[in-house]
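Summary of the model geometry
Now for the letters of each chain:
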Amino acid sequence: AQTVTQSQPEMSVQEAETVTLSCTYDTSESDYYLFWYKQPPSRQMILVIRQEAYKQQNATENRFSVNFQKAAKSFSLKISDSQLGDAAMYFCAYRRVRAGGTSYGKLTFGQGTILTVHP
Amino acid sequence: DTAVSQTPKYLVTQMGNDKSIKCEQNLGHDTMYWYKQDSKKFLKIMFSYNNKELIINETVPNRFSPKSPDKAHLNLHINSLELGDSAVYFCASSQDPRTGILKQFFGPGTRLTVL
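Just so we're clear, the structure is a prediction, and the values are computed from it rather than from any experiment.

Cut-off values and rules
Residues numbered from 1 in each chain as written. Chains lettered and ligands numbered in written order. Predicted model: local features only at pLDDT ≥ 70, side-chain atom pairs only at ≥ 80, totals over all residues. Heavy atoms only, no water. Helix = DSSP H or I, 4+ residues; strand = E, 2+ residues; numbered from the N terminus. Rg over C-alpha atoms; globule rule 2.2 N^0.38 Å. Buried < 20%, exposed > 50% of the residue type's maximum accessible area, 1.4 Å probe, protein only. Contact = heavy atoms within 4.5 Å. Areas by Shrake-Rupley, 256 points an atom, 1.4 Å probe, with all protein chains shown as cover. Lys, Arg positive; Asp, Glu negative; His and termini not counted. Charge placed at Lys NZ, Arg CZ, Asp CG, Glu CD. Phe/Tyr/Trp six-rings, centres within 6.5 Å; stacked < 30°, edge-to-face > 60°. Lys NZ or Arg CZ within 6 Å of the ring centre and 35° of its normal. Core = buried A, V, L, I, M, F, W, Y, C linked by side-chain atoms within 4.5 Å. Pairing = 2+ DSSP bridges. Disulfide = S-S within 2.5 Å. Axes fitted to C-alpha atoms, helices over the stretch in contact; angles between N-to-C directions. Buried area = accessible area lost by both parts, 1.4 Å probe. Salt bridge = Lys/Arg side-chain N within 4 Å of Asp/Glu carboxyl O.

Each helix and strand in chain B was counted, giving 0 helices and 11 strands. Going from the N terminus to the C terminus, chain B shows its helices and strands as β-β-β-β-β-β-β-β-β-β-β. Computed over its C-alpha atoms, the radius of gyration of chain B comes to 13 Å, within 12% of the 13 Å expected for a compact globule of 115 residues. Along the first, second and third principal axes, the C-alpha set of chain B runs to 40 × 30 × 30 Å. For chain B, the proportion of its 115 residues judged to be buried stands at 48%. For chain B, contacts bridging at least 24 residues in sequence account for 55% of all contacts bridging at least 6. If you sum the accessible surface of chain B, you get close to 5500 Å²; carbon and sulfur atoms cover 49% of it. Placing the 14 positive and 11 negative side-chain charges of chain B at their respective mean positions leaves the two points 5 Å apart.

For the structure on display, the rule yields 15 aromatic pairs over all chains. Judged by centre distance (5.3 Å) and plane angle (75 degrees), the rings of Tyr37 of chain A and Phe106 of chain B are edge-to-face. You can see Tyr37 of chain A sitting in strand β5 (residues 32-39) and its partner Phe106 of chain B sitting in strand β10 (residues 105-106), one on each of two chains. Taking 6.2 Å as the distance between ring centres and 35 degrees as the angle between the ring planes, the aromatic pair formed by Tyr33 of chain B and Tyr35 of chain B counts as tilted. Of the two residues, Tyr33 of chain B and Tyr35 of chain B, both sit in the buried class. Taken together, the ring pairs connect Phe35, Tyr37, Phe91 and Phe109 of chain A together with Tyr33, Tyr35, Phe90 and Phe106 of chain B into an aromatic cluster. Over the ring of Tyr10 of chain B we find Arg43 of chain A; its NZ or CZ atom is 5.0 Å from the centre of that ring.

Of all hydrophobic cores here, the largest spans 25 residues; its most connected members are Tyr25, Trp36, Phe75, Leu77 and Tyr90 of chain A. At 4 residues, strand β10 (residues 88-96) of chain A tops the list of elements feeding residues into this core. Counting 20 residues, the second largest nonpolar core, distinct from the first, contains Val60, Leu76, Tyr89 and Leu112 of chain B.

Let us now look at the pairing of strand β3 (residues 19-25) of chain B. Residue and element names in this part refer to chain B. The pairing of strand β1 (residues 4-7) with β3 spans 4 bridges and is antiparallel. Counted as the bridge partner of Ser5 is Glu24 from β3. Looking at chain direction, β3 and strand β8 (residues 73-78) are connected through 4 bridges and run antiparallel. Its bridge partner lying in β8, Lys19 is registered against Ile78.

Think of a disulfide as a covalent bridge from one cysteine sulfur atom to another cysteine sulfur atom. Residue and element names in this part refer to chain B. Counted under the stated rule, the structure contains 2 disulfides over all chains. Each sulfur in the disulfide pair Cys23 and Cys91 lies 1.8 Å from the other. Because the torsion about its S-S bond is -75 degrees, the bridge between Cys23 and Cys91 counts as left-handed. On the criterion of sequence distance, the pair formed by Cys23 in strand β3 and Cys91 in strand β9 (residues 87-94) is long-range, its members being 68 residues apart. By relative accessible area, Cys23 is classed as buried at 1%.

This part takes up the sheet that holds β3 of chain B. Two orientations exist for strands paired in a sheet by backbone hydrogen bonds: parallel and antiparallel. Residues and elements named next belong to chain B. The antiparallel open sheet is built from 4 strands, whose spatial order is β1-β3-β8-β7. If you trace the sheet from one side to the other, it starts and ends with β1 and β7 (64-70), each paired once. Along the sheet, successive strands turn relative to each other by an average axial angle of 20 degrees, direction set aside.

The subject of this paragraph is the interface of chain B and chain A. Contact residues are listed per partner, giving 31 residues for chain B and 25 residues for chain A. Where chain B abuts chain A, roughly 2300 Å² becomes buried across the two surfaces, and 58% of that area is made up of carbon and sulfur atoms. The interface formed by chain B and chain A contains 1 salt bridge. Between Lys106 of chain A and Glu58 of chain B there is a salt bridge, with the nearest N and O atoms lying 2.7 Å from each other.

Shown next as structure tokens:
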């Protein structure tokens, strides 16, 4: 079974600074997808960024980028130029490529990291 | 326009009652999901439906019964509610996951409190 671990329950950053959130996962699959979701106090789940495991190039979305280390099974999220609106809980998630059987589209989430942004 | 909607957003009820949470998506997606977020914020899948057919049942007690009247709706019915059922329940939808890395769209969540 796949597991996702976020070892930082809480992180904080000063506005305009850079912060990195850690995520590691365990899988025996060679092909899969990884995601970072943001959950602000409104509790809406918002997709921040996604990465296909077969792509060596790290995904980037504006101020958000990932450091994907496949051999180390590590998928960290870097937020540059942090803004107050970035304050939220961040979840790392894993999905198998082969969406058959009991893993059909299933996202497996980490425990989450609460990010606080100080003005 | 709301892509994935859930009703109600808040639900407070007594132990032993039966309640339902409704979910609708207007994205034309084939696949819908229910996730549970517990008091420690841990998110875990409960069910997945594709074209009204149950695909995933993630060892959820049979007091929980999803029902999909059509592919735009996936409702969650819970019988004999227990204190441990208190959580936030999220509905989500996506296109058929066999076709790629498609994004799952989440509803706003339903906070269920069992007293």
